[in-house]
Amino acid sequence: MQRKIACYLTAAVTVAFMVLRTIVYCHPDVRIGVVSVEDLLIGISLAAMIAIAVLCHSKTACVGEFTAQTQPTIGWIATFGGAVLLMSTVLECICRMFPFINRNVFNSAVPNLYLVNNVDRYTMIFSILFGVLSGIYLIIQGFKWMSRSVNKPAWLSWMSLSPVLWMWFRLARYEISYASTIDISHSFFDFAVLVTGALFFLQLSKAVNAVQDKPKNLLIICALYASFISFSGVPLMVIGLIKGTSITSLLTAIVDIAIGLLSFLVAVSQIHCTNAAPAQKEEDEEEEQEEVAKETDASLAWVTPAKQRKPLDPPFSIDEKLPILEAEPQKPAQETPPAPEKPLTVDDILAELNKTE
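None of the values given here were measured: they were computed from a predicted structure.

Chemist: Explain the side chain of Ser 134 to me, and be specific about the residues and the numbers.
Modeler: Among the structural elements, Ser 134 can be located in helix H4 (residues 118–146). The class of Ser 134 is buried, set by a relative accessible area of 0%. With near-sequence residues (within four places) excluded, Ser 134 lies in contact with Leu 85, Ser 162, Pro 163 and Trp 166.

Pasting the structure below:
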């Protein structure tokens, strides 16, 4: 529940920053008492970051896998951001390789239009290199999310670090340029976009590649940071487009906004996973208890004597189940005729006489 509140707070702060940053851009001298609106924005953003960190902190909830419902949406945004990033990096490379191209059309994404020193040159080369790798990685990973593929090759795991390095080299170029000498109240959000984006991609790489056994809260926290910092610059991008900003700067702004949208969707998907985790855990525990009970009953069946049951009342008789057949009439028994008498002979008569004497 606390993480849902953090998500709603991020959305509210994003809308407020859109309005306030537009006011500051149109009226830079606006003040609230003795405090300028730019300083007030910095204070609000720091307070919002602290509140988001407190609300998202949990000792039990872990980072889960992306759900099947959110994977296609995250994949579309990652693919779009990677394609725009690849386009902007290629345009900047063309601008650096061919100096005769009109720089008002293809302007560099950083404030310094010309290279300051060798450090600036090397950071520019590495930022272009890792920008191309980052665009390719986001496109490939986006297609894997859209297709819900679980295959994780080793080379793609190493490529997941390219967005982190791309962000850090952008930050290095920003610090080398004259923009780092400007008051922090004017350049705070440009600096914060790079820092929060790098932290988000670092935590995303850990979660996608399962580097840690049980990652905790940093992915959601950094994702919400990057989302509201990046989205707050949408009105400024629209104003710059109306005024005729350069193509490279416009593409870079679109990439930052796409990264903010990607980070917000990742945070929402993680909040959905952590909310569904307790119910799934209870179901798994119930199933495990049922299996243990079945195994216990099966083991006791070998040692427990069979329970004596009462005989059926009335007892079972097969004659009651068979059909009754009619008996055939019995025939009367025939009497045996008496044996015929033998005729008396002389010897029989003499024998009878001797018996009488």
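Chemist: Give a detailed account of the packing of helix H1 (residues 2–26) against helix H8 (residues 218–231), specifying residues and quantitative values.
Modeler: Running from N to C, H1 and H8 cross one another at 20 degrees; their axes reach a closest spacing of 8 Å. Accordingly, the angle class assigned to the pair H1 and H8 is roughly parallel. Crossing geometry of H1 relative to H8 is assigned as right-handed. In this structure, H1 uses Arg 3, Ala 6, Thr 10, Val 13, Thr 14, Phe 17, Met 18 and Arg 21 to contact H8, whose residues at the interface are Ile 220, Leu 224, Ser 227, Phe 228, Ile 229 and Phe 231. Across the contact of H1 with H8, the residue classes break down as nine nonpolar, three polar and two charged.

Chemist: I'd love a proper account of helix H9 (residues 234–243), names of residues and values included.
Modeler: Within H9 the residues assigned to the buried category are Pro 235, Met 237, Ile 239 and Gly 240. Of the residues one or two after H9, Gly 244 is the one with positive phi, at around 85 degrees.

Chemist: So what's going on with the pattern of salt bridges? Which residues, and what values?
Modeler: For the coordinates displayed, the defined rule picks out one salt bridge. Close ionic contact of Asp 256 with Arg 170 constitutes a salt bridge, the shortest N to O distance being 3.2 Å. In this pair, Asp 256 is assigned in helix H10 (residues 247–300) and Arg 170 in helix H6 (residues 162–176), connecting sequence segments 86 residues apart. Across the pair, exposure class does not vary: Asp 256 and Arg 170 are buried alike.

Chemist: Lay out H6 in plain terms, naming residues and giving numbers.
Modeler: Taking 1.5 Å of rise per residue, the 15 residues of H6 would be expected to cover 21 Å, and the 21 Å separating its terminal C-alpha atoms lies within 8% of that figure. What H6 keeps buried is the set Ser 162, Pro 163, Val 164, Trp 166, Met 167, Arg 170, Leu 171, Arg 173 and Tyr 174.

Chemist: Any details on the environment of Trp 145? Residues and values, ideally.
Modeler: Inspection of the secondary structure puts Trp 145 in helix H4. Given a relative accessible area of 7%, Trp 145 falls into the buried group. Taking the C-alpha atoms as reference points, Trp 145 and Gly 75, 70 residues apart in sequence, are found 4.8 Å from one another.

Chemist: Kindly report on the environment of Val 84, identifying the contributing residues and their values.
Modeler: Position of Val 84 among the secondary structure elements: in helix H3 (residues 71–97). The exposure class assigned to Val 84 is buried, which follows from its relative accessible area of 8%. Along the chain, Val 84 and Thr 252 lie 168 residues apart, while their C-alpha atoms are 8.0 Å from each other. For Val 84, the contacting residues outside a window of four places in its chain are Leu 251, Ile 254 and Val 255.

Chemist: Please give an account of the packing of aromatic side chains that cites residues and values.
Modeler: According to the stated counting rule, one finds seven aromatic pairs in the structure shown. A centroid spacing of 5.3 Å and a plane angle of 20 degrees characterise the contact between Phe 126 and Phe 169, whose relative ring orientation is stacked. Here Phe 169 lies in helix H6 and Phe 126 lies in helix H4, a separation of 43 residues in the sequence. Their ring planes at 85 degrees and their centres at 5.3 Å tell us that Phe 188 and Phe 189 sit as a pair that is edge-to-face. Each member of the pair Phe 188 and Phe 189 is classed as buried. Every member of this aromatic cluster is reached through a ring pair, and the members are Phe 17, Phe 188, Phe 189 and Phe 228. Above the face of the Phe 189 ring, Arg 21 is positioned so that its terminal group lies 4.3 Å from the ring centre.

The rules we used
- Residues numbered from 1 in each chain as written.
- Predicted model: local features only at pLDDT ≥ 70, side-chain atom pairs only at ≥ 80, totals over all residues.
- Heavy atoms only, no water.
- Helix = DSSP H or I, 4+ residues; strand = E, 2+ residues; numbered from the N terminus.
- Buried < 20%, exposed > 50% of the residue type's maximum accessible area, 1.4 Å probe, protein only.
- Contact = heavy atoms within 4.5 Å.
- Axes fitted to C-alpha atoms, helices over the stretch in contact; angles between N-to-C directions.
- Parallel < 35°, antiparallel > 145°, perpendicular 65-115°, else oblique.
- Left-handed = near helix turned anticlockwise from the far one by under 90°.
- Nonpolar A, V, L, I, M, F, W, Y, C, P; charged D, E, K, R; others polar.
- Salt bridge = Lys/Arg side-chain N within 4 Å of Asp/Glu carboxyl O.
- Expected span 1.5 Å × (residues − 1).
- Phe/Tyr/Trp six-rings, centres within 6.5 Å; stacked < 30°, edge-to-face > 60°.
- Lys NZ or Arg CZ within 6 Å of the ring centre and 35° of its normal.

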